[in-house]
Amino acid sequence: MRKVTLAAAAVIAASVSTAQAADMGYYRSNAPYTVNQPLNAFSWAGPYLGGNLGYSWGNVTNNITKPSGFSGGLQGGYNWQSGNIVFGLEGDIQFSTADDTFAQYKFSNPWFGTGRGRIGYAMNDVLIYATGGLAFGQLKGQNVFASESHSSAGWTVGAGAEFAFAPKLSAKVEYLYMSLSTSNFFITGMPNGYNAGLVRAGINYHF
């Protein structure tokens, strides 16, 4: 009788073990496959608005003065992104302290602005870009007897780098070369324009 009981227990144990093994195989084969997903890359697409500070240096055509000084202003734009390629439009308006005096003449560039296209390559939170387009601004001339101002348009080209340091914030460093077309100045009797280089740093908020 004892042998029969032991044999029955062995059969039951074997059956339970087989069932458990089958169940484990079933769940193992049907368990979902998961991987750790990397953090999403920073998206440069969309509108942004920010401010900047910089320094410009240049020269007045047909005159020996070389206006230079600090500048500051606002910029805003919109980016589109396709993979690593980022392209967009940006506009800015700047107030400037650039001026210079030589002999009887003083020339200054009180304000300027640009409207540009941008195209760049994004490496997650770093964007390297080239830019170019329209420039506009004012050139003011003075001598001991009179002063006059002319606003004109021209062109600008440059390059820069932008770094995203928060989910909606980025910082940038940028160089632009700007050329404003000449206007006939009564005080000099000649056409005078303004060419300048500009280095500036800024911060953008991305909406």
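Chemist: Any chance you could explain the overall build of the protein chain here in plain terms?
Modeler: Per the secondary structure count, the protein chain includes one helix and ten strands. For the protein chain, the α and β elements follow one another from N to C terminus as α-β-β-β-β-β-β-β-β-β-β. Within the protein chain, contacts between residues separated by at least 24 positions form 61% of all contacts whose residues are at least 6 apart in sequence. Carbon and sulfur atoms make up 67% of the accessible area of the protein chain, which totals about 11900 Å².

Chemist: Would you mind showing me how to read unusual backbone geometry here?
Modeler: When glycine is set aside, most residues are seen to have a negative phi, and most peptide bonds are trans. For N62, which is not glycine, the phi torsion reads 60 degrees and is therefore positive. Within the secondary structure, N62 is located in the loop between β1 (46–60) and β2 (68–82). For A103, which is not glycine, the phi torsion reads 55 degrees and is therefore positive. Mapping A103 onto the fold places it in the loop between β4 (99–102) and β5 (105–108). Under the relative-accessibility criterion, A103 is labelled exposed at 69%.

Chemist: Hey, could you run me through empty space enclosed by the protein in this one?
Modeler: Here the idea is plain: a probe the size of a water molecule rolls over the atoms and shows the empty space left. Applying the stated criterion across every chain, the model contains one cavity of 30 Å³ or more. There is about 50 Å³ of room inside the largest cavity. Lining the largest cavity we find S56, F112, T114, L176, M178, A196, G197 and L198. A per-element tally of the lining of the largest cavity places strand β10 (residues 190–206) first, with three residues. Its residues placed into classes, the lining of the largest cavity shows five nonpolar, three polar and no charged.

Chemist: Quick question: what am I supposed to make of the pairing of β2 here?
Modeler: A regular strand carries its side chains on alternate faces of the sheet. With twelve bridges connecting them, β1 and β2 associate as antiparallel partners. Residue pairing for β2: G54 is matched across the bridge by S71. As judged from the twelve bridges shared by β2 and strand β3 (residues 85–96), these two strands associate in the antiparallel manner. Bridging across to β3, S82 finds its partner in I85. A loop of two residues connects β2 with β3, the two strands running antiparallel in sequence, and G83 in this loop sits at a positive phi of about 65 degrees.

Chemist: Help me out: how do you make sense of the packing of aromatic side chains in this one?
Modeler: How two aromatic rings sit relative to each other is set out by the distance from centre to centre and by the angle between their planes. For the coordinates displayed, the defined rule picks out nine aromatic pairs. Centre to centre, the rings of W155 and Y177 are 5.7 Å apart; their planes meet at 45 degrees, and the pair counts as tilted. Taken together, the positions of W155 in strand β8 (residues 147–166) and Y177 in strand β9 (residues 169–185) put the pair 22 residues apart, joining distant regions of the chain. An aromatic cluster of three or more residues is present, and its members are Y78, W80 and F87. Sitting over the face of the ring of Y129, R118 holds its NZ or CZ atom 4.4 Å from the ring centroid.

Each value, and the rule that gives it
In every chain, residue numbers begin from 1 and rise along the written sequence. Restriction of local features to residues with pLDDT of at least 70 applies here, the model being predicted, together with a cutoff of 80 or more for giving and counting side-chain atom pairs; totals for whole chains, interfaces and linings are based on all residues. The basis for every side-chain value is the complete set of heavy atoms in the structure, and neither hydrogens nor water enter the calculation. Helix and strand assignments come from DSSP, with helices taken as H or I runs of at least 4 residues and strands as E runs of at least 2, each series counted from the N terminus. Any two residues having at least one pair of non-hydrogen atoms within 4.5 Å are treated as being in contact. Values of accessible area rely on a 1.4 Å probe in the Shrake-Rupley scheme; residue burial ignores everything except the protein chains shown. Exposure is judged per residue with a 1.4 Å probe applied to protein chains only, and the accessible area is read against the type maximum: over 50% gives exposed, under 20% gives buried, and values in between give partly exposed. Using protein atoms alone on a 1 Å grid, points that fit a 1.4 Å probe yet trap it form a cavity, whereas open point sets bounded by protein on both sides within 12 Å along at least five of seven lines form a pocket; residues with an atom within 4 Å of a point count as lining. Grid points are joined across faces, edges and corners, and a volume is the space filled by probe spheres set on the points. Gly falls in the polar group here, along with every residue not listed as nonpolar (Ala, Val, Leu, Ile, Met, Phe, Trp, Tyr, Cys, Pro) or charged (Asp, Glu, Lys, Arg). Here, strands pair whenever DSSP counts at least two bridges between them. Here a pair means two rings of Phe, Tyr or Trp (six-membered ring of Trp) with centres within 6.5 Å. Their orientation is stacked below 30 degrees between planes, edge-to-face above 60, and tilted elsewhere. Should the NZ of a Lys or the CZ of an Arg lie within 6 Å of a ring centre and within 35 degrees of the ring normal, that charge is described as sitting over the ring.

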